[in-house]
Amino acid sequence: MIQLGHMATGILASRHVSSPVAAALSGVVMHGMMDVAPHGEINDRGWEVASVALAVPILAMAWGWRSPVVWGAIGGVLPDAEHLLPAKVRDRGPLFPTHRIDALHSSDTRLAIPAWAQVALGGAVIGWFTARGWRRRSRGA
Ligand SMILES: [Zn+2]
């Protein structure tokens, strides 16, 4: 699954908890669940890193760094940070359990959530929550 999708599901999961730590953990759990769902990939590390590097600070500006919304998004992408570890570490094999099962990340995209849909839906969820955070801020909440 692409990072916009992981951030979006982490954000949605964070709505049921009140602490940043619980939000991050629920984001990690959602990451595993979304890896199990058949999904397309973008396979562009630059796009993936840029989407996280932009979305997380934007969410933090809207909600504040201690918000569960922000930490749900971070928890949602955290397991994939292992793809950025040095090759020496990556060569030992994936660390996150769902990354160890190749069939979950196959190139067979029949019945899968296409990458474009993850971009559209993930972007919509992140945009909606960003707007909602700004509205809360402007009301002084
Ligand atoms: Zn993953």
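An account of the accompanying structure is given in this report. Note that the coordinates shown come from a computational prediction; the quantities given were computed from them, not determined experimentally.

Cut-offs applied
- Residues numbered from 1 in each chain as written.
- Predicted model: local features only at pLDDT ≥ 70, side-chain atom pairs only at ≥ 80, totals over all residues.
- Helix = DSSP H or I, 4+ residues; strand = E, 2+ residues; numbered from the N terminus.
- Rg over C-alpha atoms; globule rule 2.2 N^0.38 Å.
- Buried ≥ 20, exposed ≤ 12 C-beta atoms within 10 Å, placed from the backbone.
- Contact = placed C-beta atoms within 7 Å.
- Axes fitted to C-alpha atoms, helices over the stretch in contact; angles between N-to-C directions.
- Parallel < 35°, antiparallel > 145°, perpendicular 65-115°, else oblique.
- Left-handed = near helix turned anticlockwise from the far one by under 90°.
- Expected span 1.5 Å × (residues − 1).

**With respect to the overall build of the protein**
The helix and strand tally for the protein stands at six helices and zero strands. Listed N to C, the secondary structure of the protein is α-α-α-α-α-α in terms of helices and strands. Rg of the C-alpha trace for the protein: 15 Å, near the compact-globule value of 14 Å for 141 residues, within the 12% margin. Taking the principal axes of its C-alpha atoms as reference, the protein extends roughly 50 × 30 × 25 Å. Each of the 141 residues in the protein was classed as buried or not, and the buried ones make up 33%. Counted over contacts in the protein with a minimum sequence separation of 6, partners at least 24 positions apart contribute 80%.

**As for the packing of helix α1 (residues 3-14) against helix α4 (residues 68-77)**
Axis separation between α1 and α4 bottoms out at 7 Å; the angle between their running directions is 135°. The orientation of α1 with respect to α4, classified from their angle, is oblique. Crossing hand, α1 versus α4: right-handed. The residues of α4 that touch α1, namely those facing Gln-3, His-6, Met-7, Thr-9, Gly-10, Ile-11, Ala-13 and Ser-14, are Pro-68, Val-69, Trp-71, Gly-72, Ala-73, Gly-75, Gly-76 and Val-77.

**Topic: α1**
The end-to-end C-alpha distance of α1, which contains 12 residues, comes to 16 Å, matching closely the 16 Å that a straight helix rising 1.5 Å per residue would cover. Of all the 12 residues making up α1, 11 are buried; the element is thus mostly covered by neighbouring parts of the structure. Regarding α1, the residues found buried are Gln-3, Leu-4, Gly-5, His-6, Met-7, Ala-8, Thr-9, Gly-10, Ile-11, Ala-13 and Ser-14. Lining the buried residues of α1 we find α2 (20-36), α3 (45-63), α4 and α6 (115-138).

Geometric descriptors of this kind do not, in isolation, establish any biological role.
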